[in-house]
Amino acid sequence: MTNVLAVERLGKKYGEMVAVQNVSFHVARNEIVGLLGPNGAGKTTTINMILGVLEPTSGSILIEGVDVAQQRSKALEYTNFAAVYAPLPGNLSVYQNLRVFGLIYGVAGLQKRIDALLEQFELERFRDTKAGVLSSGEQTRLCLAKAMLNDPHLLLLDEPTASLDPATAHEIRAKIRRMASHGACGVLWTSHNMYEVEDVCDRVLFLSRGKIMLEGDPKTLPQAHGKETLEELFIAVARE
Amino acid sequence: MNLNRTSAIVIRHLYLVSGSPARLLPLFAWVAIDMVLWGFITKYLNAVSSAKFDFVPVFLGAVLLWDFFTRVMHGVTMAFMEDVWSRNFLNIFATPLSISEYVGGLVLSSIATSAVGLVVMIVLASTIFGLSFLAYGMALVPFLLVLFLFGIALGILGAATVLRFGPASEWFIWPIPALVSPFAGVFYPVATLPRWMQYICRVLPPSYVFENVRAIVAGAAVSPSGLGISVVLAIVYVVGACWIFVRVYRHSVRTGLIARYSAETVT
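From a predicted model like this one, the values you see are computed outputs, not experimental measurements.

Student: Explanation requested: the interface of chain B and chain A in the structure shown.
Tutor: How big an interface is tends to be stated in terms of accessible area lost as the parts join. Taken together, the contact pairs 30 residues of chain B with 30 residues of chain A. Summing the contributions of chain B and of chain A, the shared interface buries around 2,600 Å²; its carbon and sulfur component is 60%. Three residues stand out in chain B for area buried against chain A, namely Tyr15, Asn91 and Pro96 of chain B, and they jointly supply 24% of the buried area on that side. At the boundary of chain B and chain A, one finds one salt bridge. The residue glutamate 77 of chain A makes a salt bridge to arginine 5 of chain B at a minimum N-O spacing of 3.4 Å. Summed over the shared surface of chain B and chain A, the number is nine residue pairs in polar contact (both at pLDDT 80 or more). Breaking the side of chain B that touches chain A down by element, the ones donating at least two residues are helix H1 (3–18), helix H4 (89–93) and helix H11 (224–255) of chain B. Here the side of chain B that touches chain A takes eight residues from H1 of chain B, the largest share from any one element. Across the side of chain B that touches chain A, the residue classes tally to 14 nonpolar, 10 polar and six charged.

Below is the structure:
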């Protein structure tokens, strides 16, 4: 497996406050990596640095071997993201949002791609509906459709199923798993739902106070540290 | 520079404008009201003035040109503010879109929207009040060019201001044309102003435009050096505004302001 994302000794300081410290990890092709940690651990800071919207104080980020700091546009062509705190503009329709972002990402055969995603995420009947009037679950599906537009090699998902009902969340997880296993994609996934993480992720990284504390297979990691479940391990790491 | 990505910003703005009467109407309503108001004022002044001086090309022409500048400036800032209002920074700036492509998209959006206002103003001013642009001759081209460039520069500067100081600072940028107008000599010769205001006039490109408008109407020749200075100044303003925008953007990326824009963590 080759790496789609390689993060080396990444750090971010705001004045004297250290948000992320000396973090190194990778995401391989066809791999789903969970980035876990309590609130304020540095997960979103790390994702923002990978997305090029936050400049690291130190370290490097390579997406498909392209340095984000040196060739931001080229690196981000391989990337896309969906985050619960970044809804798409509510004053554009579902179709308009996908068209605008499709053009930005330079998607070939955009019309067909939009039609396919509308079908895949069951958004066809909302095609001409303004995104702002969709339910939170429908908005999440739209964000995920946007995140898939360019068939990203690196997909960043920040709590992607936070506002979905269990059935829809299950379907979305299955879709992302299929995408990761069949395409050229690697996924970095943050979630506070440990059952979801155990179900979806091939590997997890525990982040606390800006540092990676643990790393491993979510199915075996709890036992390796004397805990019954991933949630127990999460709580223990968060309290350390 | 990728034109597809730039066109995405323009298409986004066209979607917004075409789908919203609240955005469509202001493109021509306010300039139309200005034309009608100043058209009748100039007609009245022509009627009561004993001198054989035609106020139409001086005042109505000046209002038209100033409104054009204002529309261009507001066109850029409006396109930018759409991303502020819809909290779209993270989605937009976490894409391959470069800053030059983004600013290029804002400028092209402004050209599209300000052209609508310009056409409406020209039609109203010429058909109802008999304003003829032939009176300005070929000088009209540099007049419009200078006002366009200066409008773009102030629009980009306004966007940089909002990016740096947060959403609430939009109220700094809408009145900028009104703030500049006393120094630009839109309605009176620059010589009317006190000395200290005249110094400011010299660094404002529109002041050269309006001095030349009055010169043409008075039957004097256009000042090529004045127009040349104004074109150079306008280009300097555009380059300076782009430089400031890039600096502010880089500061925002360094401090995390882009990712948490609505937080207004500005100090």
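Student: What is the right way to read unusual backbone geometry from this model?
Tutor: When glycine is set aside, most residues are seen to have a negative phi, and most peptide bonds are trans. Residues and elements named next belong to chain A. Its identity as a non-glycine residue notwithstanding, asparagine 22 has a phi of 55 degrees, on the positive side. Structurally, asparagine 22 can be placed in strand E2 (residues 17–28). Accessibility expressed as a relative area gives 46% for asparagine 22, which makes it partly exposed.

Student: For this particular structure, what's the right way to read the packing of aromatic side chains?
Tutor: Each aromatic ring pair is specified by the distance between its two centres and by the angle formed by the two planes. Residues and elements named next belong to chain B. Scanning the entire structure with this criterion turns up 18 aromatic pairs over all chains. Each ring, one from phenylalanine 80 and one from phenylalanine 89, has its centre 5.6 Å from the other, and the planes form 45 degrees; the classification is tilted. Relative accessible area serves as the criterion here: at 3%, phenylalanine 89 is assigned to the buried category. Centroid distance phenylalanine 150 to tyrosine 237: 5.1 Å. Interplanar angle 80 degrees. Geometry classified as edge-to-face. On the criterion of sequence distance, the pair formed by phenylalanine 150 in helix H6 (residues 140–165) and tyrosine 237 in helix H11 is long-range, its members being 87 residues apart. Of the residues examined, phenylalanine 150 reaches a relative accessible area of 1% and is grouped as buried.

Student: How should the pattern of salt bridges be read in this particular structure?
Tutor: Residue and element names in this part refer to chain A. Summed over the entire model, instances satisfying the criterion amount to 13 salt bridges over all chains. Here glutamate 215 makes a salt bridge to arginine 203, at a shortest N to O gap of 2.5 Å. In this pair, glutamate 215 sits in strand E10 (residues 211–216) while arginine 203 sits in strand E9 (residues 203–208), placing the two residues 12 residues apart along the sequence. Counted as one network, the salt bridges with shared partners bring together Arg173, Arg177, Glu196 and Asp199.

Student: Honestly, the environment of lysine 52 of chain B in this entry has me stumped. Any pointers?
Tutor: Following the sequence through the fold, lysine 52 of chain B ends up in the loop between helix H2 (21–48) and helix H3 (55–85). Each C-alpha atom of the pair lysine 52 of chain B and threonine 70 of chain B lies 31 Å from the other, and the pair is 18 residues apart in sequence.

Student: Mind showing me how you'd approach the pairing of E2 of chain A here?
Tutor: Note on strand geometry: in a regular strand, side chains alternate between the two faces of the sheet. Two strands pair when backbone bridges link them, and strand E1 (residues 3–14) of chain A and E2 of chain A are joined in this way by eight bridges, in the antiparallel orientation. Bridge pairing in E2 of chain A places leucine 5 of chain A opposite valine 27 of chain A.

Student: Looking at this model, I keep getting lost on the sheet that holds E2 of chain A. Mind explaining?
Tutor: What links the strands of a sheet is backbone hydrogen bonding, and the strands pair in either a parallel or an antiparallel sense. Read across the open sheet, the four strands follow the order E2-E1-E4-E5 (chain A); overall the sheet is antiparallel. Both edges of this open sheet fall to E2 and strand E5 (66–67) of chain A, since each of them pairs with a single strand only.

Student: Is there a simple way to explain the side chain of serine 230 of chain B in this structure?
Tutor: Residue and element names in this part refer to chain B. Assignment of secondary structure puts serine 230 in helix H11. The exposure class assigned to serine 230 is buried, which follows from its relative accessible area of 0%. Among the polar contacts made by the side chain of serine 230, one reaches the main-chain carbonyl oxygen of leucine 227 at a distance of 2.7 Å. Setting aside residues no more than four positions away along its own chain, serine 230 makes contact with Val146, Pro205 and Tyr208.

Student: Help me understand helix H4 (residues 110–120) of chain A, please; the structure alone is not making it clear to me.
Tutor: In an α-helix, one turn spans 3.6 residues, which is why side chains three or four residues apart end up on the same side. Residues and elements named next belong to chain A. The complete set of buried residues in H4 reads Leu110, Arg113, Ile114, Leu117 and Leu118. Within H4, the buried residues cover an arc of 135 degrees as seen down the axis, which keeps them to one side. When the buried face of H4 is taken as reference, the exposed residues oriented beyond 90 degrees from it are Lys112 and Glu119. Residues of H4 that are buried in the fold lie against helix H3 (94–104) and helix H5 (136–148). The first or second residue beyond H4 is glutamate 122, which carries a positive phi of 50 degrees.

Student: I would appreciate a short explanation of the sheet that holds E9 of chain A in the present structure.
Tutor: All names here are of chain A. Taking strand neighbours across the sheet as the criterion, the six strands line up as E6-E7-E8-E3-E9-E10 in an open arrangement whose pairing is mixed. Because the sheet does not close on itself, it has two edges, and the strands there are strand E6 (79–83) and E10. On average, each strand axis in the sheet is tilted by 20 degrees relative to the strand beside it, whichever way the strands run. Note that E6 and strand E7 (residues 154–158) share five bridges and pair parallel. For asparagine 80, the partnering residue across the bridge sits in E7 and is leucine 155. Here helix H1 (residues 43–50) sits on the sheet in contact with strand E3 (32–36), E7, strand E8 (186–190) and E9, set at roughly 150 degrees to E7. Across the sheet, helix H6 (residues 166–182) lies against E3, E7 and E8, angled at about 150 degrees from E8, the strand it touches most.

Student: How do you make sense of the side chain of lysine 43 of chain A when you look at a structure like this?
Tutor: Residues and elements named next belong to chain A. Looking at where lysine 43 falls in the secondary structure, it is placed in helix H1. It turns out lysine 43 is buried and unbridged, and the closest side chain with the opposite charge, glutamate 159, is 5.8 Å from it. A polar contact is formed between the side chain of lysine 43 and the side chain of histidine 192, at a distance of 3.5 Å. Residue contacts for lysine 43: discarding those within four places in its chain leaves Leu35, Leu36, Gly37, Pro38, Thr190, His192 and Leu207.

Student: Teacher, can you tell me more about the state of the cysteines here?
Tutor: As used in these notes, a disulfide is a covalent bond between sulfur atoms, one from each of two cysteines. Residues and elements named next belong to chain A. Applying the stated criterion across every chain, the model contains zero disulfides over all chains. Counting only cysteine sulfurs, cysteine 185 is the nearest neighbor of cysteine 143, a cysteine outside any disulfide, at a range of 17 Å. Judged by relative accessible area, cysteine 143 falls into the buried class, the value being 7%. Note on cysteine 185: no disulfide assigned, nearest cysteine sulfur contributed by cysteine 201 at a separation of 13 Å.

Reading guide: rules and limits
- Residues numbered from 1 in each chain as written.
- Chains lettered and ligands numbered in written order.
- Predicted model: local features only at pLDDT ≥ 70, side-chain atom pairs only at ≥ 80, totals over all residues.
- Heavy atoms only, no water.
- Contact = heavy atoms within 4.5 Å.
- Buried area = accessible area lost by both parts, 1.4 Å probe.
- Salt bridge = Lys/Arg side-chain N within 4 Å of Asp/Glu carboxyl O.
- Polar contact = N/O pair within 3.5 Å; in protein donor to acceptor, adjacent residues only side chain to side chain.
- Helix = DSSP H or I, 4+ residues; strand = E, 2+ residues; numbered from the N terminus.
- Nonpolar A, V, L, I, M, F, W, Y, C, P; charged D, E, K, R; others polar.
- Buried < 20%, exposed > 50% of the residue type's maximum accessible area, 1.4 Å probe, protein only.
- Phe/Tyr/Trp six-rings, centres within 6.5 Å; stacked < 30°, edge-to-face > 60°.
- Pairing = 2+ DSSP bridges.
- Arc of directions from axis to C-beta.
- Axes fitted to C-alpha atoms, helices over the stretch in contact; angles between N-to-C directions.
- Lys, Arg positive; Asp, Glu negative; His and termini not counted.
- Disulfide = S-S within 2.5 Å.

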